[in-house]
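This is what each chain is made of:
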Amino acid sequence: MRVIAHKAAKVKNLSANQTLTLISLLVFAVAIATLACASGSFDISLWAIVQGQASALENNVFMQIRVPRVLLSGFVGASLGLSGAALQGLFRNPLADPGLIGVSAGAALGAAIVIVLGSRFGVGATLGAFLLPMAAISGAALVILLLYILTSGFGYQGVTYMLLVGIAVNALASVGIGILTYISSDSELRGLTFWTMGSFGGVTWALLVPALLLITAALLAMVPAARALDLLQLGEIEASRLGIDVGRLRYRVIFAAAVAVGASVSLSGMIGFVGLVIPHLVRIVGGVHHCYLLPGSAMAGAGLMIAADLIARTVIQPAELPVGLITSAIGSPFFLWLIFRMKKL
Amino acid sequence: MVNLSDEKTVSISGVSLSVRIGRQSLLDNVSLNVKEGEILSIIGPNGAGKSTLVATLAGDMTPSNGTISYDNRDLTELSIQDRAMIRSVMAQSQPVAFDFSVQDIIKMGWVRGSDIESTSRYATALACIVEDCSIAHLLHRKFNTLSGGEHRRVHFARALVQLWRPETCSSRGYLLLDEPVANLDLAHEIRLLKQVRSLADQGVGVLLVLHDLNIAAKFSDKIAILQAGRLACIGSPGDVLTAERLTRIFQIPISVDTHSLSISYY
């Protein structure tokens, strides 16, 4: 029996430590999600809900506010964590983060265009709900493609170059958003403001379901690329000599990351540093293999994002902190530490 | 070029690779073939097109004209996966972005699946190759902490893992090595070349890029000299390595002791 388990683990290419870490991360994510559903400015007894003894108000808060919010924060955390890990693998660059390199900004610009210009051209609410994630995804895809073209050929040396391109892309996107802010009406401005903060508040099932489907599809598309991403670390030419179709891998990762980040940004705004911090933490715990790193980053991203959102909405009750503030407060010192460590290498 | 249909060769015939910028031709009408069990060494001055030749044979770049075939199958008809099964390439190494262990890097050479059967085959292959390359003490180190010479040895082991195949397989495959002994100390240099020799004796076709003329003379079945993208000469070491020719091509006085085939140039 042990032999079979050992062989199975070998086939899946996961070490015992990595399997254990993945299981712990999953348990952590589920536990924190349960806790987050129960607590808030209004504590709900989950036991009462399961038994059907909860009041109508409790049921309503639980189903219409808590569950969608926790689901959204979990999925956004998973998609940012996994996209960060996959982009770091694709660019062979430990500092690639959807926020830092401008992918989130591209998505936000796409979404902002729909919010401000959409209402002027009479785009209805139904079409808007569909257009918003599409525009965000297109914005994200455009930025990743641009980054890929601009930094290809730099290989491992492109680490700083890519961040510089990211600064330029972020600046360009904020010019675009700035212009849109300037010409927007009061109601459009309210809609725009939430991008600069990043928040999981006010989400509805109607908005949530399409985004969750898109994010799930993107996550499922990325995980099978694990071995190819490992081999890519030897360089693109070496990977193709080892039988990897690098072109197909590139488009798979770019497209999946764009869908995941775009759909996330269209609902929750820009939440910084998650894609940078999560994969590094997961690597420190269990190693650099993508067959472990990709699912691990998704689970850790989900768990930590739900936790961050729980803190955001409970720490100064009844008011609420923007969750992006919390992730950036943790992420930016971490980023500095990473740069400090690179200097020593 | 005529190939007997039952003869297994990698051949590159009438290939000329040109780069449009500056209209410079990197390879010009180079024709050669490597048979199973044979070691062909490529020598020549810097910039002669040796690495370009290896990259073209490996399929990294497409020649502007001419054809490359492995075992009489045109390279362009082989998928990326098929190519990985038939030839293995060891080139100058690049740094790896993340902290993979030596073990991980070597395993990346395994292109024969990850079901239970092939995993146990991999274990056999790995044990063998680690022993042959004497890298057991490196297996658990981080790849990025190794020295340049150790990097080469690990990449060589990875190339051997890629080339490994079951005993029942009729073809032994081809090994393309671009300056495999750069950065290696004397002992490891000779050890690696002896391993290459024994692989060739088992039927592997080997193409080597070398700088040391004496090493090339000793370990090759055939030698080709590239000069400015053209094939200056190809044949047995004794025929190719003449004092007059080497002096002309490398532009320093070179003398050859034809009896022991040893070359002096300083």
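Residues numbered from 1 in each chain as written. Chains lettered and ligands numbered in written order. Predicted model: local features only at pLDDT ≥ 70, side-chain atom pairs only at ≥ 80, totals over all residues. Heavy atoms only, no water.

This next bit is on the overall build of chain B. Each helix and strand counted, chain B has nine helices and 12 strands in total. Here the C-alpha atoms of chain B give a radius of gyration of 19 Å, agreeing with the 18 Å that 2.2 N^0.38 yields for 266 residues. Taking the principal axes of its C-alpha atoms as reference, chain B extends roughly 55 × 40 × 40 Å. Within the structure as shown, chain B displays about 12000 Å² of accessible surface, and the carbon and sulfur contribution to it stands at 51%. For chain B, the centre of its 26 positive side-chain charges and the centre of its 28 negative side-chain charges are spaced 3 Å apart. (Helix = DSSP H or I, 4+ residues; strand = E, 2+ residues; numbered from the N terminus. Rg over C-alpha atoms; globule rule 2.2 N^0.38 Å. Areas by Shrake-Rupley, 256 points an atom, 1.4 Å probe, with all protein chains shown as cover. Lys, Arg positive; Asp, Glu negative; His and termini not counted. Charge placed at Lys NZ, Arg CZ, Asp CG, Glu CD.)

Residue and element names in this part refer to chain B. Reading across from one edge, E6-E7-E8-E3-E9-E10 is the order of the six strands in this open sheet, with mixed pairing throughout. Because the sheet does not close on itself, it has two edges, and the strands there are strand E6 (87-90) and strand E10 (230-235). Strand-to-strand twist in this sheet, taken as the mean axis angle between neighbours without regard to direction, amounts to 15 degrees. Running at roughly 150 degrees to strand E7 (residues 174-178), helix H1 (residues 50-58) makes contact with strand E3 (39-43), E6, E7, strand E8 (205-209) and strand E9 (222-227) of the sheet. Seen against the sheet, helix H5 (residues 148-163) touches E6 and E7 and runs at an angle of roughly 175 degrees to E6. (Pairing = 2+ DSSP bridges. Axes fitted to C-alpha atoms, helices over the stretch in contact; angles between N-to-C directions. Contact = heavy atoms within 4.5 Å.)

This part covers the pattern of salt bridges. One pass over the structure, following the stated rule, counts 13 salt bridges over all chains. The salt bridge involving arginine 158 of chain B is made with glutamate 238 of chain A; its shortest N-O contact spans 3.0 Å. Here glutamate 238 of chain A lies in helix H11 (residues 236-241) and arginine 158 of chain B lies in helix H5, a pairing that spans two chains. Accessibility expressed as a relative area gives 9% for glutamate 238 of chain A, which makes it buried. The partner of aspartate 60 of chain B in a salt bridge is arginine 241 of chain A, and the shortest N-O contact between them spans 2.4 Å. With aspartate 60 of chain B in the loop between H1 and strand E4 (65-70) and arginine 241 of chain A in helix H11, this residue pair bridges two chains. A residue is classified by how much of its surface remains accessible, and aspartate 60 of chain B, at 27% relative accessible area, is partly exposed. Counted as one network, the salt bridges with shared partners bring together Arg69, Asp309, Arg313 and Glu320 of chain A. (Salt bridge = Lys/Arg side-chain N within 4 Å of Asp/Glu carboxyl O. Buried < 20%, exposed > 50% of the residue type's maximum accessible area, 1.4 Å probe, protein only.)

Turning our attention to the packing of aromatic side chains. Tallying each qualifying case throughout the model produces five aromatic pairs over all chains. Judged by centre distance (6.1 Å) and plane angle (50 degrees), the ring pair of phenylalanine 273 of chain A and phenylalanine 335 of chain A falls under tilted. On the criterion of sequence distance, the pair formed by phenylalanine 273 of chain A in the loop between helix H12 (246-268) and helix H13 (274-286) and phenylalanine 335 of chain A in helix H15 (residues 323-344) is long-range, its members being 62 residues apart. Measuring from centroid to centroid gives 5.9 Å for tryptophan 110 of chain B and tryptophan 164 of chain B, while their planes differ by 40 degrees, and the two rings are tilted. Note that tryptophan 110 of chain B is positioned in the loop between helix H3 (102-107) and helix H4 (116-133) and tryptophan 164 of chain B in the loop between H5 and E7, a separation of 54 residues in sequence. We classify tryptophan 110 of chain B as buried; its relative accessible area is 6%. In textbook terms, an aromatic cluster arises when at least three aromatic residues are bridged by ring pairs, as seen for Trp110, Tyr122 and Trp164 of chain B. In this structure, lysine 218 of chain B packs its charged tip against the face of phenylalanine 219 of chain B, placed 5.9 Å from the ring centre. (Phe/Tyr/Trp six-rings, centres within 6.5 Å; stacked < 30°, edge-to-face > 60°. Lys NZ or Arg CZ within 6 Å of the ring centre and 35° of its normal.)

So, about the pairing of E9 of chain B. Residues and elements named next belong to chain B. For E9, the tally of buried residues reaches five of six residues, placing the bulk of the element in the interior. Relative to E9, E3 is paired through four bridges, and the arrangement is parallel. Looking across to E9, one finds that isoleucine 42 is bridged to alanine 224. Linkage of E9 to E10, two consecutive antiparallel strands, is achieved through a turn of two residues, within which alanine 228 is found at a positive phi near 45 degrees.

The next point concerns a nonpolar patch on the surface. All names here are of chain A. Together, Phe28, Leu281, Ile284, Leu304, Trp337 and Phe340 make up an exposed nonpolar region whose accessible area comes to about 550 Å². Broken down by secondary-structure element, the contributors of at least two residues to the nonpolar patch are H13 and H15. Note on placement: phenylalanine 340 falls in helix H15. (Patch = residues over 30% accessible without salt bridge, like charges linked within 9 Å, V, L, I, M, F, W, Y side chains within 5 Å.)

Within the element layout of this structure, isoleucine 105 of chain B appears in helix H3. When its relative accessible area of 0% is taken as the criterion, isoleucine 105 of chain B is described as buried. Residues isoleucine 105 of chain B and cysteine 169 of chain B, spaced 64 residues apart in sequence, show a C-alpha to C-alpha distance of 25 Å. Once residues lying within four places of it in the same chain are set aside, the contact partners of isoleucine 105 of chain B are Leu234 of chain A together with Val96, Phe100, Phe143, Val154, His155 and Arg158 of chain B.

Here we take up helix H9 (residues 205-222) of chain A. All names here are of chain A. Across its 18 residues, H9 extends 25 Å between first and last C-alpha, which sits within 8% of the 26 Å expected from 1.5 Å per residue. Among the residues of H9, Leu208, Ala211, Leu212, Ile215, Ala218, Leu219 and Met222 are the ones counted as buried. Viewed end-on, H9 has its buried residues packed into an arc of 135 degrees, placing them on one side of the element. What points out from H9, more than 90 degrees from its buried face, is the exposed set Ala206, Leu213 and Leu220. The inward-facing, buried residues of H9 abut helix H4 (56-90), helix H10 (226-232), H12 and helix H14 (290-314). (Expected span 1.5 Å × (residues − 1). Arc of directions from axis to C-beta.)

Okay, the interface of chain B and chain A next. Counting residues at the interface gives 30 residues for chain B and 28 residues for chain A. Of the roughly 2500 Å² buried where chain B meets chain A, counting both sides, 60% is carbon and sulfur surface. Contact with chain A buries surface across chain B, with Ile80, Phe98 and Met108 of chain B losing the most and accounting together for 25% of the total. Seen at the junction of chain B and chain A, the total is two salt bridges. Counting the contacts that link chain B with chain A gives six residue pairs in polar contact (both at pLDDT 80 or more). Of all the elements in the fold, those that place two or more residues in the side of chain B that touches chain A are H1, helix H2 (80-86), E6, H3, H4 and H5 of chain B. Looking at the side of chain B that touches chain A, its residues break down into 16 nonpolar, seven polar and seven charged. (Buried area = accessible area lost by both parts, 1.4 Å probe. Polar contact = N/O pair within 3.5 Å; in protein donor to acceptor, adjacent residues only side chain to side chain. Nonpolar A, V, L, I, M, F, W, Y, C, P; charged D, E, K, R; others polar.)

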